[in-house]
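The residues making up each chain are set out below.
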Amino acid sequence: ANTDAGPDFFNAKLKLDGVLWIGNIEIHERSSDWFKHGHHADAGYNSVILHIASEIDMEISRSNGERIPQIQVICPEAVRTNYKELLETDSYPPCYRIIPSLPPFTAHSWMSALQMERFEQKATLLNERLKRCQGNWEDAFFITLARNFGFGLNGDAFETWAHRLPFRAVVKHRNDLFQIEAIFFGQAGILEDSDGDGYYLQHKFELIPMNTSLWRFLRLRPANFPHIRIAQLACLYHRAYGLLSRIMETETLQGVRDILKGGTSEYWLTHYTFGGSSPSRPKALSNTSLDLLIINTVVTFLYAYGLHKGNPVLCARAGSFLEELKAENNYITRMWEQYGMKASNAADSQALIQLKKEYCDKKKCLYCRIGYEYLKRK
């Protein structure tokens, strides 16, 4: 199927009078729509070998006058009515009525396909990030991890920040947490808020600070402030040399959690931002936050790196980690549970997120197996 400009279906094969034709197919409600849409004057449609319409009301031709074969396919009224319901109903998802009655095999096989589709989609996005990192997997991993440390609201800001970090300079100071923090906070553009706290090394590393307006604080609890997240990333970078390599070699979920658990330097035990102090409190990641980082960062890299290295063990580990992790609890998973599709683990919740974002939101009901079941209703 073609979702862009041009004929509806590409590279079809059709045998007419014993002759095999290879080309494209166009579909309309009526034959006359061919001319109404201007295809008869568009050379881009000269490759059409078959025209399908519910009503054949006239002959059609290519831009050079050649006649195009047609076939009449009448859409059953029930299918037409059901499709209109899917597109126009105010309820969300529009197919909610049939979800409880879906055959178990249909639901299970569709969830499995959606899980794999999400793996592939994330791997594609990761490959684009790798190109920007000149193929450096460690840099790409840290940038992806940083983005996900933004936990949604500050995701874009953290990715922008991480892309601008001078990694070659940072690695020379890996053993000095203070200087790593200086580079990290300086690049974030928030050293100027230090009020004499000692973070003054910005000029030493020739940093070009970010625009601080990119950082979001509204509706964030203090433990989620960018200052705390950057301090946690600095501690993680300081403590875990070759972060990606270590995670790729770790076979258990708990082992990965132990690597990512992080923490902060002593200063941040009594601060949420530079300046005023607060009661002493550890600033470690919660188990829920750790698991989200594993779902959105570690699992993606296990799968993509496994493909890159031709190592099916890493790809399989990505899947087993998702099956071992609890299902995500967000508005998407709660919505599906309300209508009878409960996620039993993170693999299921990732599938349901894929279903909503790539099918429901885009109204691609014809490509969805649940939508297909809906269309078959009498």
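1. Thoughts on the overall build of the protein chain
Within the protein chain, the secondary structure is distributed over 15 helices and four strands. Referenced to the eigenvectors of the C-alpha coordinate spread, the extents of the protein chain come out at roughly 80 × 45 × 40 Å. Going through the 378 residues of the protein chain one by one, you find that 49% of them count as buried. Of the contacts made within the protein chain by residues no fewer than 6 positions apart, 57% connect residues no fewer than 24 positions apart. Accessible surface, the protein chain as shown: approximately 19,800 Å² in total, 52% of it carbon and sulfur. A gap of 3 Å separates the mean positions of the 44 positive and 42 negative side-chain charges of the protein chain.

2. A look at the side chain of Thr297
Of note, Thr297 is situated in helix H11 (residues 287-309). Taking relative accessible area as the criterion, Thr297 reaches 0% and is therefore assigned buried.

3. Brief notes about the confidence of the model for the protein chain
Looking at the protein chain as a whole, the pLDDT averages 90, with 95% of positions reaching at least 70. Low pLDDT (under 50) marks residues 193-199, which in the prediction has 16 contacts with non-local residues, meaning those over four places away or in another chain.

4. Comments concerning the packing of aromatic side chains
Any pair of aromatic rings gets described here by the distance separating the centres and the angle formed by the planes. One pass over the structure, following the stated rule, counts 22 aromatic pairs. With a centroid separation of 5.9 Å and an interplanar angle of 65°, the aromatic rings of Phe184 and Tyr237 are classed as edge-to-face. In this pair, Phe184 is assigned in helix H7 (residues 177-188) and Tyr237 in helix H8 (residues 226-239), connecting sequence segments 53 residues apart. Taken individually, Phe184 and Tyr237 each receive the classification buried, so the pair is uniform in this respect. Here Phe217 and Phe225 contribute two aromatic rings whose centre-to-centre distance is 5.3 Å and whose plane-to-plane angle is 75°, an arrangement assigned as edge-to-face. With a relative accessible area of 16%, Phe225 lands in the buried category.

5. Thoughts on the nonpolar core
One finds Leu145, Trp161, Phe184, Ile230, Leu233 and Leu260 to be the most contacted residues of the largest nonpolar core, which totals 73 residues. With eleven residues, H11 is the largest single contributor of residues to this core. Excluding residues that lie within four positions of it along the chain, Leu233 makes contacts with Phe142, Leu145, Ala146, Phe149, Phe158, Trp161 and Phe184. Judged by nonpolar contacts, the second largest core, of 24 residues, contains Met111, Ala351, Cys365 and Leu375.

6. Some words on the state of the cysteines
Two cysteines joined by a covalent bond between their sulfur atoms form a disulfide. Inspection of every chain in the model, using the stated rule, returns zero disulfides. Unpaired in terms of disulfides, Cys360 finds its nearest cysteine sulfur in Cys95, a separation of 5.9 Å. Of all cysteine sulfurs in the structure, the one in Cys95 sits closest to Cys365, which takes part in no disulfide; the separation is 6.9 Å.

7. Let's talk about the sheet that holds strand S4 (residues 70-72)
Taken in spatial order, the four strands make up an open sheet running S1-S2-S3-S4, and their pairing is mixed. With one partner strand each, in any of the chains shown, strand S1 (9-16) and S4 form the two edges of the open sheet. Across this sheet, the average inter-strand angle for adjacent strands is 40°, counted without regard to direction. Examined bridge by bridge, S1 and strand S2 (residues 19-30) share six bridges and lie antiparallel to one another. When the sheet's bridge partners are listed, Ala12 is paired in S2 with Gly23.

8. Let's talk about the pattern of salt bridges
Taken as a whole and assessed by the stated rule, the structure comprises 17 salt bridges. Residue Lys261 pairs with Asp258 through a salt bridge whose shortest N-O separation is 3.8 Å. Look at Lys261 and you get partly exposed, because its relative accessible area is 37%. When salt bridges that share partners are traced, they join Arg129, Arg132, Arg147, Asp156 and Glu159 into one network.

9. As for the side chain of Gln232
Following the sequence through the fold, Gln232 ends up in helix H8. Classification of Gln232 as buried rests on a relative accessible area of 3%. Discounting chain neighbours no more than four positions away, the residues touching Gln232 are Phe149, Gly263, Thr264, Lys283, Ala284 and Leu285.

10. Description of the pairing of strand S3 (residues 48-55)
Counted residue by residue, S3 has seven buried out of eight residues, so it is predominantly covered. Looking at chain direction, S2 and S3 are connected through six bridges and run parallel. Along S3, the bridge assignment pairs Glu26 with His51. As paired strands, S3 and S4 are joined by three bridges and run parallel to one another. Pairing of Ala53 across the sheet is with Gln72, part of S4.

11. Here's the deal with unusual backbone geometry
One non-glycine residue, Asp17, lies in positive phi territory at about 50°. As for its placement among the helices and strands, Asp17 is situated in the loop between S1 and S2. Look at Gln134: it is not a glycine, yet its phi comes out positive at around 50°. Positionally, Gln134 belongs in the loop between helix H3 (104-132) and helix H4 (137-149). Using a relative accessible area of 71% as the deciding quantity, one classes Gln134 as exposed.

12. So, helix H5 (residues 155-163)
Among all positions of H5, only Gly155, Ala157, Phe158, Glu159, Trp161 and Ala162 are buried. Looking at the buried positions of H5, the neighbouring elements they touch are H3, H4, helix H6 (167-171), H7 and H8.

What counts and how
All residue numbers here refer to positions counted from 1 along the written sequence of the relevant chain. The predicted origin of the model limits local features to residues at a pLDDT of at least 70 and limits the giving and counting of side-chain atom pairs to 80 or more, whereas totals for whole chains, interfaces and linings rest on all residues. In computing side-chain properties, one takes all heavy atoms of the structure into account and sets aside hydrogens as well as water. Secondary structure follows DSSP: runs of H or I at least 4 residues long count as helices, runs of E at least 2 residues long count as strands, and numbering of each begins at the N terminus. For the exposure calls, accessible area comes from a 1.4 Å probe over protein chains only, and a residue counts as buried if that area is under 20% of its type's maximum, exposed if over 50%, partly exposed in between. It only takes one pair of heavy atoms within 4.5 Å for two residues to be counted as in contact. Surface accessibility in these figures is a Shrake-Rupley result with a 1.4 Å probe; residues are shielded only by whichever protein chains are displayed. Only four residue types enter the tally: Lys and Arg on the positive side, Asp and Glu on the negative side, with His and both chain ends excluded. Charge coordinates come from a single atom per side chain, which is NZ of Lys, CZ of Arg, CG of Asp or CD of Glu. Each residue carries a pLDDT score, the predictor's own confidence in it, on a scale running from 0 to 100. Here the aromatic set is Phe, Tyr and Trp, taking the six-membered ring for Trp, and pairing holds for ring centres within 6.5 Å; pairs whose planes are under 30 degrees apart are stacked, those over 60 apart are edge-to-face, and all others are tilted. Here, the term nonpolar core denotes a set of buried Ala, Val, Leu, Ile, Met, Phe, Trp, Tyr and Cys residues that are joined through side-chain atoms within 4.5 Å. Cysteine sulfurs are considered disulfide-paired once they come within 2.5 Å of each other. Two strands qualify as a pair provided DSSP detects at least 2 bridges between them. Note on method: axes are straight lines fitted to C-alpha atoms, helices fitted across the in-contact stretch only, with angles between N-to-C directions ranging 0 to 180 degrees. We define a salt bridge as a contact between a side-chain nitrogen of Lys or Arg and a carboxyl oxygen of Asp or Glu at a distance within 4 Å.

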